[in-house]
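Okay, here's what each chain looks like letter by letter:
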Amino acid sequence: EEVNEYWGHTLYHYEDLATPIEKLPDVFSNFRKKAEKYAPVRELIRLNSLPPSPSEEEDSIPAIQDLWYEAPDDEESSVLPFKGGTTEAWSRLRHYFWESDQLKSYKFTRNGLLGADYSSKFSPWLAYGCISPREIYYEVKKYEEQRVKNKSTYWLVFELLWRDYFQFVSLKYGAKLFYKTGVHGKQKHYDYDDAAWERFEAWKKGE
């Protein structure tokens, strides 16, 4: 069967960047300014239909519980138990944007640690492709039209830009990201004398 592939894991398509990946700026702010000024956010791709999924009788794929997964006893005690899939991703978005109306204060609450709604918590669904950055972007734009447009609504898109940047950096440098010498091949020398280890021990003890 014919397979069509689409680049959808970042907000901006890599072909639309002001500079090619190999010349990506090494400073985020330089990337952001050029992206916001020159790169369009492509329209969403709508699928008319998907092929039917196999019935249970025909499906030979085992459930994850049949393989290795065992849910921890305290899974449901999480402040926000994550469930996979597009339906769950959009349920979270609707709750955060429209039902609890939290987007309007995102910039000022996003670094909190307690509670389900201090931040969007979209990351797991974004990472697995259950929802796309462009889908979130256009929902932000709808929110700005229907509710409010402020620093917080911009800031969620700003965070998606950070996410884009790190993915494009990984495309630019590849395995160099994990080299001891760094992406620029600079050898670092560390002098671990006794005083350094004493400071490290003090740091571990909170002293």
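Located above this text is the structure these notes cover.
A quick note: this is a predicted structure, and the numbers were derived from the prediction, not measured.

1. Here we look at the pattern of salt bridges
So, step 1. This structure, assessed with the given rule, holds 11 salt bridges.
So, step 2. Lysine 172 is paired through a salt bridge with aspartate 26; the nearest N and O atoms lie 3.1 Å apart. Of the two residues, lysine 172 is situated in helix α6 (residues 151–173) and aspartate 26 in the segment before α1 (28–38); the sequence distance between them amounts to 146 residues.
So, step 3. The residue arginine 110 makes a salt bridge to glutamate 159 at a minimum N-O spacing of 2.9 Å. Remark: glutamate 159 occurs in helix α6 and arginine 110 occurs in the loop between α3 (106–109) and α4 (123–127); sequence separation between them is 49 residues.
So, step 4. When its relative accessible area of 25% is taken as the criterion, glutamate 159 is described as partly exposed.

2. Regarding the side chain of histidine 13
So, step 1. Here histidine 13 lies in the segment before α1.
So, step 2. Among the polar contacts made by the side chain of histidine 13, one reaches the main-chain amide nitrogen of glutamate 15 at a distance of 3.0 Å.

What counts, and where the lines are drawn
Residues numbered from 1 in each chain as written. Predicted model: local features only at pLDDT ≥ 70, side-chain atom pairs only at ≥ 80, totals over all residues. Heavy atoms only, no water. Salt bridge = Lys/Arg side-chain N within 4 Å of Asp/Glu carboxyl O. Helix = DSSP H or I, 4+ residues; strand = E, 2+ residues; numbered from the N terminus. Buried < 20%, exposed > 50% of the residue type's maximum accessible area, 1.4 Å probe, protein only. Polar contact = N/O pair within 3.5 Å; in protein donor to acceptor, adjacent residues only side chain to side chain.

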